2 protein chains.
Amino acid sequence: MPEIDRTSRLYPYEQIAAWITHRIHNGDLRPGMPIPSETTLQQEFPGTARTTIRRAVRHLRDLGLVETLPRRGTYVLPPQDHQ
Amino acid sequence: MPEIDRTSRLYPYEQIAAWITHRIHNGDLRPGMPIPSETTLQQEFPGTARTTIRRAVRHLRDLGLVETLPRRGTYVLPPQDHQ
DNA sequence: AGTAATTTGTTCGTATGTATC
DNA sequence: AGATACATACGAACAAATTAC
């Protein structure tokens, strides 16, 4: 449900990251596939700034869920068994 | 007159809140418009801390005069007829 | 080959949230 | 009450590489 809950204690970037994570675990976004572009995500979450979208993607990157190829896109990584 | 009266029995935050309230009732600040930012207010009332400004704004919020959109700004609400 | 569209990179300015001293 | 620091958020502008046609 792409809609930011402004009353949540979760930051918008956290909500966006959670949404993408959900789609990955869902199988909607599979390893090797690109996630939606920043512009697209911004449209999916009206009222958000691109800087916030980028913050969310950075978070996913930090979690090791995705990989960003400069100026090409951000792609879903294979599941990592982190012991 | 943005100048804190240190001899007044009114707390600085009350004086600041009163000043903003005055500007709202004045029509200087109208519904839907953002009130001056915390930084601006801090400059308008030299010698005050941001925490004090925030306390004043919180007071206005409690009174139902303004609404704060987290990390976006504080806006004047339409007049409320409180019976 | 060449141009336009797309996508990420970078930076600036302004605003509030939270914490510490 | 004041001072300082850092984080998140929105908006905007521009740069650079890639892709599409």
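Residues numbered from 1 in each chain as written. Chains lettered and ligands numbered in written order. Predicted model: local features only at pLDDT ≥ 70, side-chain atom pairs only at ≥ 80, totals over all residues. Heavy atoms only, no water.

## Topic: the overall build of chain A
Definition in use: Counting from the N terminus, the helices are the DSSP runs of H or I reaching at least four residues and the strands are the DSSP runs of E reaching at least two. Put simply, the radius of gyration uses C-alpha atoms, and a globule should come to 2.2 Å times the residue count raised to 0.38. The buried label goes to any residue with under 20% of its type's maximum accessible area, the exposed label to any with over 50%, and the partly exposed label to all in between, with areas taken from a 1.4 Å probe on protein chains only.
In terms of helices and strands, chain A carries three helices and two strands. Going from N to C terminus, chain A has its helices and strands arranged as α-α-α-β-β. Radius of gyration (C-alpha) of chain A: 12 Å, near the 12 Å computed for a compact globule of 83 residues. Counting only C-alpha atoms and orienting by the principal axes, one finds that chain A spans roughly 35 × 30 × 20 Å. Taken across its 83 residues, chain A has 27% of its residues classed as buried.

## A look at the protein's contact with DNA strand C
Selection rule: Whether a residue is near a molecule or strand is decided by its heavy atoms; if any one of them lies within 4 Å of it, the residue is near. Identification of polar contacts relies on pairs of N or O atoms within 3.5 Å, with a donor-acceptor requirement for protein atoms, meaning one able to donate a hydrogen and the other able to accept it, and with residues adjacent in sequence counted only if both atoms are side-chain atoms.
Of all residues adjacent to DNA strand C, which total 17 residues, the nearest are Glu38(A), Arg50(A), Glu38(B), Arg50(B) and Arg54(B). Counting only the atoms of DNA strand C that lie within 4 Å of the protein, the sugar and phosphate share comes to 63%. Between DNA strand C and Ser37(B), the relevant distance is 3.2 Å, taken from a phosphate oxygen to a side-chain nitrogen or oxygen of the residue. The contact in question runs from a phosphate oxygen of DNA strand C to an N or O atom on the side chain of Arg54(B), over 2.8 Å. Going through the elements one at a time, helix H3 (50-62) and strand S2 (73-76) of chain A together with helix H3 (50-62) and strand S2 (73-76) of chain B are the ones with two or more residues in the surface near DNA strand C.

## Topic: the environment of Tyr13(B)
All names here are of chain B. Definition in use: Any two residues whose heavy atoms approach within 4.5 Å are treated as being in contact.
Tracing the sequence through the fold places Tyr13 in helix H1 (residues 12-26). Spatially, the C-alpha atom of Tyr13 lies 5.7 Å from that of Thr52, the residues being 39 residues apart in sequence. With sequence-adjacent residues up to four places away left out, Tyr13 is seen in contact with Thr52, Arg55, Ala56 and His59.

## Here's the deal with the protein's contact with DNA strand D
Every one of the 24 residues lining DNA strand D counts as a neighbour, but Tyr11(A), Pro12(A), Thr52(A), Arg72(A) and Gly47(B) are closest to it. Among the atoms of DNA strand D close to the protein, meaning within 4 Å, 78% are from sugar or phosphate groups. In the model, a phosphate oxygen of DNA strand D is placed 2.7 Å from a nitrogen or oxygen of the Arg6(A) side chain. The contact in question runs from a phosphate oxygen of DNA strand D to an N or O atom on the side chain of Arg72(A), over 2.3 Å. Sorting the residues of the surface near DNA strand D by element identifies helix H1 (12-26) and H3 of chain A together with H3 of chain B as the ones contributing at least two each.

## Looking at the environment of Thr21(A)
Inspection of the secondary structure assignment puts Thr21(A) in helix H1. Taking relative accessible area as the criterion, Thr21(A) reaches 16% and is therefore assigned buried.

## A closer look at H1(B)
Each turn of an α-helix holds 3.6 residues, which means side chains three or four residues apart point in the same direction. All names here are of chain B. We apply this condition: For a helix, the expected span equals 1.5 Å multiplied by the number of residues minus one.
Its 15 residues give H1 an end-to-end C-alpha distance of 21 Å, which sits within 8% of 21 Å, the value for a rise of 1.5 Å per residue. Residues of H1 that are buried: Tyr13, Gln15, Ile16, Ala17, Ile20, Thr21, Arg23 and Ile24. Where H1 is buried, its residues touch helix H2 (38-44), H3, strand S1 (66-69) and S2.

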